[in-house]
Amino acid sequence: MRRVVCPGSFDPITNGHLDIIGRSARLYDEVTVAVLINVEKSSLFTVDERIEMLQTVTKELPNVKVRKFHGLLVDFCRNNDIPAIVKGIRVVSDFDYELQMAQLNYRLSGVETLFMPTNPEYSFLSSSRVKEIARYGGDVSGLVPDLVHKLLIERLRG
């Protein structure tokens, strides 16, 4: 069985995230979406809320499962028999950062990192930008799944 992990905070999940997850699901037998528990970072949605959103928006992808983790991603991979990490790359600055992480992860554990260029339609998209636009009343529909849009608006304006 060919397994990969798509890690992230997914606060909130965007259509760019879904694109990478969906493309990974077509290439691999099993894709684990690993939601980072980062107690040092203030999140808009709880880890459990993000997991529930991810499970809902990926339900059409039977080979995708969603789990949470904290600590080192390579430990999560080792504990779950996952030999590779898939990372979406939007721009050169993403590559600069992710390449260093990939090399470090490989040095620590032998876990490979595969870079997937983002669909150009989503190259500008990030969770932090989506939250900022939504906070100021901008329209983020089309940037996030409909369920996430609804929950995002409720959280920010509710």
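Source: prediction; values computed, not measured.

## Quick notes on the pairing of strand 3 (residues 64–69)
Inspection of the sheet shows strand 2 (residues 30–36) paired to strand 3 by 6 bridges, in the parallel sense. Within the sheet, the bridge partner assigned to Ala 34 lies in strand 3 and is Arg 67. On the question of chirality, the crossover connecting strand 2 to the parallel strand 3 by way of helix 2 (residues 47–57) is right-handed.

## A look at the nonpolar core
If you look at the biggest cluster of nonpolar residues, it comprises 32 residues, and the most contacted ones within it are Ile 21 and Leu 54. Elements supplying a minimum of two residues to this core: strand 1 (3–8), helix 1 (15–27), strand 2, helix 2, strand 3, strand 4 (84–89), helix 5 (127–135) and helix 6 (146–157). Per-element tally for this core: the top contributor is helix 2, with 5 residues. With near-sequence residues (within four places) excluded, Ile 21 lies in contact with Cys 6, Phe 10, Ile 13, Val 33, Leu 54, Thr 58, Leu 61 and Val 64.

## Topic: the packing of helix 2 against helix 6
For the pair helix 2 and helix 6, interaxial distance at closest approach is 10 Å and the crossing angle is 155°. By the angle between their axes, helix 2 is roughly antiparallel relative to helix 6. Along its contact with helix 2, which presents Glu 49, Met 53, Thr 56 and Val 57, the element helix 6 presents Leu 147, Val 148, Leu 151 and Arg 155. Taken together, the residues of the contact of helix 2 with helix 6 break down into 5 nonpolar, 1 polar and 2 charged.

Conventions used here
Numbering of residues starts from 1 in every chain and runs along the sequence as written. The predicted origin of the model limits local features to residues at a pLDDT of at least 70 and limits the giving and counting of side-chain atom pairs to 80 or more, whereas totals for whole chains, interfaces and linings rest on all residues. Computation of side-chain values covers all heavy atoms of the structure but excludes hydrogens and water. By definition, two strands form a pair when at least two bridges between them are found by DSSP. Secondary structure elements are taken from DSSP: a helix is a run of H or I of four residues or more, a strand is a run of E of two residues or more, and numbering for both begins at the N terminus. Consider the strands pointing away from the viewer: the crossover is right-handed when the path from the first strand over the helix to the second runs clockwise. Residue types Ala, Val, Leu, Ile, Met, Phe, Trp, Tyr and Cys, when buried and joined through side-chain atoms within 4.5 Å, form a set referred to as a nonpolar core. Relative accessible area decides the class of each residue, using a 1.4 Å probe on protein chains only: under 20% of the type maximum gives buried, over 50% gives exposed, and in between gives partly exposed. Contacts are residue-level and defined by heavy atoms, with any inter-residue pair within 4.5 Å sufficient. Structural elements are reduced to axes, namely lines fitted to C-alpha atoms, with helices fitted over the stretch in contact, and the angle between N-to-C directions of any two is expressed from 0 to 180 degrees. Working rule for angles: under 35 degrees goes down as roughly parallel, over 145 as roughly antiparallel, 65 to 115 as roughly perpendicular, anything else as oblique. Each residue gets one label: Ala, Val, Leu, Ile, Met, Phe, Trp, Tyr, Cys and Pro are nonpolar, Asp, Glu, Lys and Arg are charged, and the others, such as Gly, are polar.

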